[in-house]
Amino acid sequence: DSGVTQTPKHLITATGQRVTLRCSPRSGDLSVYWYQQSLDQGLQFLIQYYNGEERAKGNILERFSAQQFPDLHSELNLSSLELGDSALYFCASSDGEVDQGSPLHFGNGTRLTVT
Amino acid sequence: GEDVEQSLFLSVREGDSSVINCTYTDSSSTYLYWYKQEPGAGLQLLTYIFSNMDMKQDQRLTVLLNKKDKHLSLRIADTQTGDSAIYFCAESIMGISGGYNKLIFGAGTRLAVHP
């Protein structure tokens, strides 16, 4: 158990809809990362938050947004969903910087299916 | 550029050693990581190595790093059926202005262990 909790585990929704994915980081971790895993794109970095502030952006679509709350949990909002958004969405947290040997600890992911 | 490459598939016999290879592009990566993903689960941190090290051993796992060639390998000794999973290598990428960083993952190597 990594200590990172993601809800829900599965989500099935229709095109055009909006969903919210939730993540609780490990106790004490200030950084939260979101990744998307799909068969054709692999693991893609979406966005990082550190102590409530956006830190880095990756391949995140404009239809997607995220935030980190004062209690450090994070939410990823996906809107105007398309079939191609179907994927596994992972949240990860860390207590420091990956380039200084603080690894990411991943949750079990939310599997999103858009029909 | 940011790119991590791995072979997609490896099949070994139970009890043999497995060697999973990875090449990365960013010579400034300070830490390189190995993660394991079992079906339906998140990414589990296996081990990581600092870029000024050549080798790191952790029980059945041995990581070899050739920084000159930007080549990383993970050796699993006495491979068991429970080792069947997808293995990801990842390099740490620092932001241009510093202060933020992220992990870039390879596509993953699917390890199949057969009797």
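Note that this is a predicted model, so its numbers are computed, not measured. (Residues numbered from 1 in each chain as written. Chains lettered and ligands numbered in written order. Predicted model: local features only at pLDDT ≥ 70, side-chain atom pairs only at ≥ 80, totals over all residues. Heavy atoms only, no water.)

## Focus on the interface of chain B and chain A
Interface extent is often summarised as the accessible area lost during association of the parts. Between chain B and chain A, the contact holds 19 residues from the first and 22 residues from the second. Together chain B and chain A conceal approximately 1800 Å² of surface at their shared face, both sides included; 56% is due to carbon and sulfur atoms. The interface formed by chain B and chain A includes zero salt bridges. Between the two partners, chain B and chain A, sit four residue pairs in polar contact (both at pLDDT 80 or more). Sorting the residues of the side of chain B that touches chain A by element identifies β4 (31–37), β5 (43–50), β9 (85–94) and β10 (101–105) of chain B as the ones contributing at least two each. (Contact = heavy atoms within 4.5 Å. Buried area = accessible area lost by both parts, 1.4 Å probe. Salt bridge = Lys/Arg side-chain N within 4 Å of Asp/Glu carboxyl O. Polar contact = N/O pair within 3.5 Å; in protein donor to acceptor, adjacent residues only side chain to side chain. Helix = DSSP H or I, 4+ residues; strand = E, 2+ residues; numbered from the N terminus.)

## Comments concerning the pattern of salt bridges
On inspection of all chains with the given rule, the structure shows six salt bridges over all chains. For Arg 26 of chain A, the salt bridge is made with Asp 29 of chain A, and the minimal N-O distance between the two is 2.8 Å. Among the ionic pairs, Asp 69 of chain B bridges to Lys 68 of chain B, the shortest N-O distance being 3.6 Å. On the basis of relative accessibility, which here comes to 46%, the residue Asp 69 of chain B falls in the partly exposed class. (Buried < 20%, exposed > 50% of the residue type's maximum accessible area, 1.4 Å probe, protein only.)

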